[in-house]
Amino acid sequence: MRVCMIGTGYVGLVTGVCLAETGNDVWCVDIDETKIARLNEGELPIYEPGLEEVLRRNLKQGRLHFTTSLEHGIQSSLFVFIAVGTPPGEDGRADLQHVLAVAEQIGACLDSYKILVLKSTVPVGTTLRMKTIVEEALQRRGRRDIEFDVAFCPEFLKEGSAVEDFLHPDRVVVGTENGRTAEFLKELFAPFILRENSLFAMSIPSAELTKYAANAMLATRISFMNELAAFCETVGADIEEIRVGIGSDSRIGHAFLQAGLGYGGSCFPKDVKALIHSAREKEYDLSILRAVEEVNRRQRQVFLDRMECHYGGKENLAGKTFALWGLSFKPNTDDIREAPSLFLVRELRRLGASIRAYDPVAEANARALLGDDPGIVYVEDCYDALSGADALLLVTEWPLFRHPDFDRMKSLLREAVIFDGRNLYAPDRARAMGFVCYGIGRGGV
């Protein structure tokens, strides 16, 4: 199979590289010349476990190509995937300018039958809107004789395990208008479909909404647990015990039931907002999702309020130094988009506190967003962050934070205080070690 991947962001890059891994010839296209040059040298612009090895192997074996020539990529391929960004606008709606611009460019250089596969997360109706734009471009060229089909194929990749998720998916969803397109895509994805009946062909609108619905459901589970955690603290219950109790129910399961600082990243925040806005345009109110978003927004402030309470008021945070473990929005990624760390650092700096921050891979991205602030010190080791700090803020649940040397921590901190935003530490054990430890929904210190 010959595949063109338009866009080398997170989704496009992982998809293109993994399609090459199964023997396809893949042309990845991007307008960023510097990024393309780096990719052709085997250098990744993102951190994703396992991706660099697969990238370099397929570059070396000649199946993977990176180019700035959209025309070359399209004319070399049967499948043309569109994986460009759809960032949120100020009102929450998905910004489709890049998708629609690409559709125009495809129409300007389409030369033979292609299958156009939209992979970007988009509101219902966008795929067929893209089809109309391509048709109109062909008509202006006087080339209405050129046939093409369209499909929508959402991604279900988790940052930190995206390569494994793509190579061994639990399902592949394909939205099509006809059976021919579905069969072509079934053949393309056949090497990844290990279980029978795990490719689901459906209408294009259903496939578009499936992607939003999946992320909205997971975000809802997170916000539900965070709201329940707040109630736990008023009645003396432990949210971690409740998580085990309800997660053991096969109808519920354990995934996405961790209380903490709320969801972040590039998908959940923007997709929840976009779905709410899309429904509002149709004069429908998704009230549950509005509540999900509100709980998530409030959760970071709840954590900050806990700190203010411990120190007897926000005015007493001025002059304090806090060690911060974890900048990325989740472990095993350098992505800090909508990360809780950004809110906490900015608010603490505004209140006059200083930060000593450590993250295994996300420091560069944090520096780029937080700027050159002398009140934020980035260190090379998690224990260095503790030196002279008044307390530890545990923000991202990187594996290396799970079993630290508590005696060493206590010797480095000015006061033995932990604000555990991910419930990594059992409160009883922390207290036995001489720490004051605040978790989320765990009944106090």
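The structure displayed is predicted, hence computed values, not measured ones.

1. Digging into the overall build of the protein chain
Each helix and strand in the protein chain was counted, giving 17 helices and 14 strands. In terms of C-alpha radius of gyration, the protein chain reaches 24 Å, essentially the compact-globule figure of 22 Å for 445 residues. For the protein chain, the spread of C-alpha atoms along the principal axes amounts to about 75 × 45 × 40 Å. Burial status across the protein chain gives 54% buried among its 445 residues. For the protein chain, restricting intrachain contacts to residue pairs at least 6 apart in sequence, the fraction spanning at least 24 positions comes to 72%. Computed over 51 positive and 64 negative side-chain charges, the inter-centroid distance for the protein chain is 1 Å.

2. With respect to the environment of Ala-151
Its location among the elements puts Ala-151 in strand E6 (residues 148–152). Here the alpha-carbon distance between Ala-151 and Asn-178, two residues 27 residues apart in the chain, equals 9.2 Å. Ignoring anything within four residues of it in the chain, the contact list for Ala-151 reads Leu-116, Val-117, Leu-118, Thr-127, Gly-175, Thr-176, Thr-181 and Leu-185.

3. Topic: the sheet that holds strand E10 (residues 354–358)
Ordered in space as E11-E10-E9-E12-E13-E14, the six strands form an open sheet in which the pairing is parallel. The open sheet terminates on both sides in strands that have one partner only, identified here as strand E11 (376–378) and strand E14 (436–438). Adjacent strand axes in the sheet meet at a mean angle of 20 degrees, parallel and antiparallel pairs treated alike. Note: E10 against E11, three bridges, orientation parallel. Bridge pairing in E11 places Ile-355 opposite Ile-376.

4. Some details on the pattern of salt bridges
Counting across every chain of the model gives 32 salt bridges. Ionic pairing is found between Lys-211 and Glu-155, a salt bridge with its closest N-O pair at 3.2 Å. One end of the pair, Lys-211, is in helix H9 (residues 204–235); the other, Glu-155, is in the loop between E6 and helix H7 (162–167), with 56 residues separating them in the sequence. On the accessibility criterion, Lys-211 (2% relative accessible area) is buried. Linking Arg-422 and Glu-397 is a salt bridge whose minimum nitrogen-to-oxygen distance equals 3.4 Å. Taken together, the positions of Arg-422 in the loop between strand E13 (417–420) and helix H17 (427–432) and Glu-397 in the loop between strand E12 (391–394) and helix H16 (406–412) put the pair 25 residues apart, joining distant regions of the chain. Taking the relative accessible area as the measure of exposure, Arg-422 reaches 14% and is therefore buried. Classification of Glu-397 by relative accessible area gives partly exposed; the value is 22%. What you see here is one network of salt bridges that share partners, running through Glu-21, Glu-53 and Arg-57.

5. So, the nonpolar core
In terms of nonpolar packing, the biggest core is built from 45 residues, with Ile-6, Ile-74, Ile-82, Ile-106, Leu-110, Leu-116 and Val-134 touching the most fellow members. Here this core gets seven residues from one element, more than from any other, and that element is H9. With near-sequence residues (within four places) excluded, Ile-82 lies in contact with Ile-6, Val-102, Ile-106, Leu-116, Val-117, Leu-118, Lys-119, Ser-120 and Met-130. Counting 40 residues, the second-largest nonpolar core is a separate cluster that includes Met-5, Val-11, Ile-36 and Val-54.

6. Notes on the packing of aromatic side chains
Evaluated as defined, the whole model comprises 16 aromatic pairs. Relative to Phe-192, the ring of Phe-166 lies with its centre 5.0 Å away and its plane at 75 degrees, an arrangement referred to as edge-to-face. Of this pair, Phe-166 sits in helix H7 while Phe-192 is found in the loop between helix H8 (179–189) and strand E8 (199–202), placing the two residues 26 residues apart along the sequence. The two residues Phe-166 and Phe-192 agree in class, both being buried. Judged by centre distance (6.3 Å) and plane angle (85 degrees), the rings of Trp-325 and Tyr-383 are edge-to-face. Here the residue Trp-325 occupies a position in strand E9 (residues 321–325), and Tyr-383 occupies one in helix H15 (residues 382–386), the gap between them amounting to 58 residues. The class for Trp-325 is buried, based on a relative accessible area of 0%. Put simply, the rings of Phe-303, Tyr-311, Phe-322, Phe-419 and Tyr-438 pair up and form one aromatic cluster. Lying across the ring of Phe-156, Arg-171 places its NZ or CZ 3.6 Å from the centre. When the ring centre of Tyr-383 is taken as origin, the NZ or CZ atom of Arg-408, which lies over that ring, is 4.1 Å away.

7. With respect to the sheet that holds strand E1 (residues 2–6)
An order of E3-E2-E1-E4-E5-E6-E7-E8 is seen for the eight strands of this open sheet, with the pairing classed as mixed. Looking at the sheet topology across the chains shown, the edges are occupied by strand E3 (64–67) and E8. The sheet shows a mean angle of 25 degrees between the axes of neighbouring strands, direction not considered. With four bridges connecting them, strand E2 (residues 25–29) and E3 associate as parallel partners. Bridging from a neighbouring strand, Val-26 pairs with Leu-64 of E3. Contacting E6, strand E7 (172–176) and E8, H9 runs over the sheet at an angle of about 145 degrees to E7.

8. Points about the packing of helix H12 (residues 287–310) against helix H13 (residues 340–350)
Across the interface, H12 lies against H13 with an axial gap of 10 Å and an inter-helix angle of 40 degrees. The angle between H12 and H13 places the two elements in the oblique class. The chirality of how H12 crosses H13 is right-handed. When H12 is examined against H13, the residues Arg-300, Gln-301, Phe-303, Leu-304 and Met-307 are found in contact with a partner set consisting of Pro-340, Phe-343, Leu-344, Glu-347 and Leu-348. In terms of residue class, the contact of H12 with H13 is made up of seven nonpolar, one polar and two charged.

9. So, the state of the cysteines
The full count for this structure, using the stated rule, is zero disulfides. Distance from the sulfur of Cys-309, which forms no disulfide, to the nearest cysteine sulfur (Cys-437) is 15 Å. No disulfide involves Cys-382; its sulfur sits 16 Å from that of Cys-437, the nearest cysteine.

Reading the values: rules and limits
- Numbering of residues starts from 1 in every chain and runs along the sequence as written.
- Totals for whole chains, interfaces and linings use all residues, but because this is a predicted model, local features are given only for residues with pLDDT of at least 70 and pairs of side-chain atoms are given and counted only at 80 or more.
- Think of the side-chain values as coming from all heavy atoms in the structure, minus any hydrogens and water.
- Counting from the N terminus, the helices are DSSP H or I runs at least four residues long and the strands are E runs at least two residues long.
- Here the globule rule is a power law, 2.2 Å times the number of residues to the power 0.38, and the radius of gyration is based on C-alpha atoms.
- The buried label applies to any residue whose accessible area, calculated with a 1.4 Å probe on protein chains only, is under 20% of its type's maximum; exposed applies above 50%, and partly exposed to all values in between.
- Whether two residues are in contact is decided by their heavy atoms, any of which lying within 4.5 Å being enough.
- Under this rule, positive means Lys or Arg and negative means Asp or Glu; His and the chain ends count for nothing.
- Charge positions are represented by NZ for Lys, CZ for Arg, CG for Asp and CD for Glu.
- Strands pair, by our definition, only if DSSP identifies at least two bridges between them.
- Fitted lines through C-alpha atoms give the axes, limited to the stretch in contact for helices. The angle between two N-to-C directions lies from 0 to 180 degrees.
- For this analysis, a salt bridge means a side-chain nitrogen from Lys or Arg found within 4 Å of a carboxyl oxygen belonging to Asp or Glu.
- Side-chain atoms within 4.5 Å are what join buried Ala, Val, Leu, Ile, Met, Phe, Trp, Tyr and Cys residues into a set we call a nonpolar core.
- Only the six-membered ring of Trp is used, alongside the rings of Phe and Tyr, when aromatic pairs are assigned; centres must lie within 6.5 Å, and planes under 30 degrees apart are stacked while those over 60 apart are edge-to-face, with the rest tilted.
- Geometrically, a charge over a ring is one whose NZ (Lys) or CZ (Arg) sits within 6 Å of the ring centre while staying within 35 degrees of the ring normal.
- Geometric relationships in this document are graded by angle, where less than 35 degrees denotes roughly parallel, more than 145 denotes roughly antiparallel, 65 to 115 denotes roughly perpendicular, and other angles denote oblique.
- If you view the pair so one helix is near and one far, a crossing is left-handed when the near helix is turned anticlockwise from the far one by less than a right angle, and right-handed when it is turned clockwise.
- Classes in brief: Ala, Val, Leu, Ile, Met, Phe, Trp, Tyr, Cys and Pro nonpolar; Asp, Glu, Lys and Arg charged; the others, Gly included, polar.
- Any two cysteine sulfur atoms lying within 2.5 Å of each other are counted as a disulfide.

So, to be careful, I would describe these as geometric facts and stop short of saying anything about function.
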